[in-house]
Every structure is written in C-alpha cells, then in structure tokens.
Amino acid sequence: MTDYQLPKIWQWEDENNNKGGNRPTAGSRFEQKLPVGSAPFQVYSLGTPNGVKVTILLEELKELGIKDAEYDLYKINIGEGDQFGSDFVSINPNSKIPAMVDQSQTPNIDVFESGSILVYLAEKFGEFLPKDIQGKTEVLNWLFWQVGSGPFVGGGFGHFFHYAPEKLKYPIDRYTMETKRQLDLLDKVLATREFIAGDTYSIADIAIWSWYGQLVLGDLYEGSAEFLDIQSYKYLVEWTHRIAKRPGVKRGLAVEYQSID
C-alpha cells in the first residue's frame, strides 16, 4: 500500500541546476564544443545496449574490408549530462545517445536514434540489409520490433529490477511478464531460422542482440539471468552465443571512447 495521492495536475518536485538528471523539458542546458576528428563518421555515444549497436555495425563493416566505415568515437557521459550540451543537442534534439555525423557528405548529415543509424549505414554501404523488398521488410519488421519493445526491458524491467531504490512487486511482476513474453517470442522465432529475420545476419540481429543477447548473457542487470530463467530459452541462448563469437561484435563491445573534454 502507498499513501500517494494522484494530483489533478502533476508538478515536478525535484528542481535542480545540475548539468545532468532528468527534467520534464527538452533542449540544451549549457554551451558545449564537441571534438571533431578526420574519419568519415563522428560517433558520439556510450557503451549502452543502444550505443553498442552502432559500434558493432561499424566494426562488422570494417570486418568486410570497407575502409570508408572508419569512425571517431567520443564518449558522451550521460551520468554527467554531456547529452544536454549545445553541440550534442544540435545533432540530436532528443538528447539521447547514440548520435552520429556523416562528414563524408556535403553538407554533413546528422543521424540520431540507434535504429535510424543502423538503417542509414546499412543502406549507405549495401550490407546487412537485403535489397529485395521481402527480405528488407522482414529485417525492418524486427528492427522496429526491437525499437518498440526495448523500453519495456530497459526502462521497465531493468529499472524496477535493478535500479529502483525500492523493490516493488507490481511493476516488477508487470515488466518481468512482458520481458519473458518477448524472450519466448524470440526463442520461438529462432527455433525456425538461423537469424532473426531469416537465413542471413542483418541489422535486426545487431539491434536485438545488443539488448536481448546481452540480457541472456547476464551482462545488463546483475542476477537477471537466473531471475528470468534464461536457460529455458534454448534457441535464443544458442543464437546469443553464436552472435557473441563474431569478431565484429567482439570489437564493437571493446571499443575505446575518446573523452570530449
């Protein structure tokens, strides 16, 4: 039970002047000058599940010998509020990582949202996204599935299971049920095919592995693999370990971030 009373109009009670921290408003909070290197792609990110999608894809492209996929990688410390600086907000008005600038184009092209970046790079280089309409649509089906489903795992299950200061049964039950439903869905799909969207590795695998593969490995939230009974999802576990062995995936997880300071 709780003594919380629902107000007629919600008021934010945690006013602060810090660079970081959530607020009910958007926009930049301070002047910022982001570094710009010489590589074709400038990536401003962090090693979160959404962040590693981009570095994995870029490393997979480099694994194919595509030299034009070189990139400079800069750390956006979301705990310190780097994502609210003026330069970053000019690239991504939503103040979320990852964000990328393609400076091989004139004028430069700003790309934000991890799914959008994956599609942009896959189309630019003609890799990891089928060209036939049926294959492409199936990959995009699953890419957008991940984009829509991921928040239930991260902002829902992960938050209340791992980050919330108090363990509450109702939200943990609610988001655990949905997370397990998603895991069961993936397991059933992977029982019928080698990769998420069919017989070919694609950006759908990259996007989904970055969240669900790392969840299966127990790398997102301590104790969650046992709590979710991950080993019961046989085909999802097999797919997870198969993807984890790819050189591009290994390098995409192990990249070094340059400081923006």
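First things first, this report covers the structure right here in the doc. The structure displayed is predicted, hence computed values, not measured ones.

### Considering the layout of surface pockets
- In this model, the largest pocket occupies a volume close to 1,300 Å³.
- Lining the largest pocket are 40 residues, with Asn50, Ile78, Lys96, Ile97 and Trp211 positioned closest to its centre.
- At the level of secondary structure, the elements contributing two or more residues to the lining of the largest pocket comprise α1 (49-63), α3 (114-125), α4 (133-163) and α6 (203-216).
- For the lining of the largest pocket, the leading source of residues is α4, giving nine residues.
- Taken together, the residues of the lining of the largest pocket sort by class into 14 nonpolar, 20 polar and six charged.

### Quick look at the pattern of salt bridges
- All chains considered together, the criterion is met by eleven salt bridges.
- The salt bridge involving glutamate 59 is made with arginine 251; its shortest N-O contact spans 2.9 Å. In this pair, glutamate 59 sits in helix α1 while arginine 251 sits in helix α9 (residues 247-254), placing the two residues 192 residues apart along the sequence.
- Owing to a relative accessible area of 6%, glutamate 59 belongs among the buried residues under this scheme.
- Look at arginine 251 and you get partly exposed, because its relative accessible area is 32%.
- Across the salt bridge formed by lysine 62 and glutamate 70, the nearest N and O atoms sit 3.7 Å from each other.
- The class of lysine 62 is partly exposed, set by a relative accessible area of 27%.

### So, the packing of aromatic side chains
- Enumeration according to the criterion identifies twelve aromatic pairs in this entry.
- Taking the centre distance of 4.8 Å and the plane angle of 40° together, the rings of phenylalanine 161 and phenylalanine 227 count as tilted. Note that phenylalanine 161 is positioned in helix α4 and phenylalanine 227 in helix α7 (residues 224-227), a separation of 66 residues in sequence.
- Judged by its relative accessible area of 41%, phenylalanine 227 is partly exposed.
- Note on tyrosine 163 and tyrosine 221: the rings are 6.1 Å apart at their centroids and 90° apart in plane angle, and the pair reads as edge-to-face. In this pair, tyrosine 163 sits in helix α4 while tyrosine 221 sits in the loop between α6 and α7, placing the two residues 58 residues apart along the sequence.
- Overall, tyrosine 221 belongs to the buried group, its relative accessible area being 5%.
- Three or more aromatic residues link up through ring pairs in this structure, and these residues are Phe157, Phe161, Tyr163, Tyr221 and Phe227.
- Here arginine 29 stacks its cationic end above the ring of phenylalanine 84, 3.5 Å away from the centre of that ring.
- Residue placement shows arginine 242 over the ring face of phenylalanine 195; its charged tip is 5.5 Å from the ring centre.

Here is what the cut-offs are and how they apply
Residues numbered from 1 in each chain as written. Predicted model: local features only at pLDDT ≥ 70, side-chain atom pairs only at ≥ 80, totals over all residues. Heavy atoms only, no water. 1 Å grid on protein atoms, 1.4 Å probe; cavity = no way out; pocket = protein on both sides within 12 Å on 5 of 7 lines; lining within 4 Å. Points joined across faces, edges and corners; volume = space filled by probe spheres on them. Helix = DSSP H or I, 4+ residues; strand = E, 2+ residues; numbered from the N terminus. Nonpolar A, V, L, I, M, F, W, Y, C, P; charged D, E, K, R; others polar. Salt bridge = Lys/Arg side-chain N within 4 Å of Asp/Glu carboxyl O. Buried < 20%, exposed > 50% of the residue type's maximum accessible area, 1.4 Å probe, protein only. Phe/Tyr/Trp six-rings, centres within 6.5 Å; stacked < 30°, edge-to-face > 60°. Lys NZ or Arg CZ within 6 Å of the ring centre and 35° of its normal.

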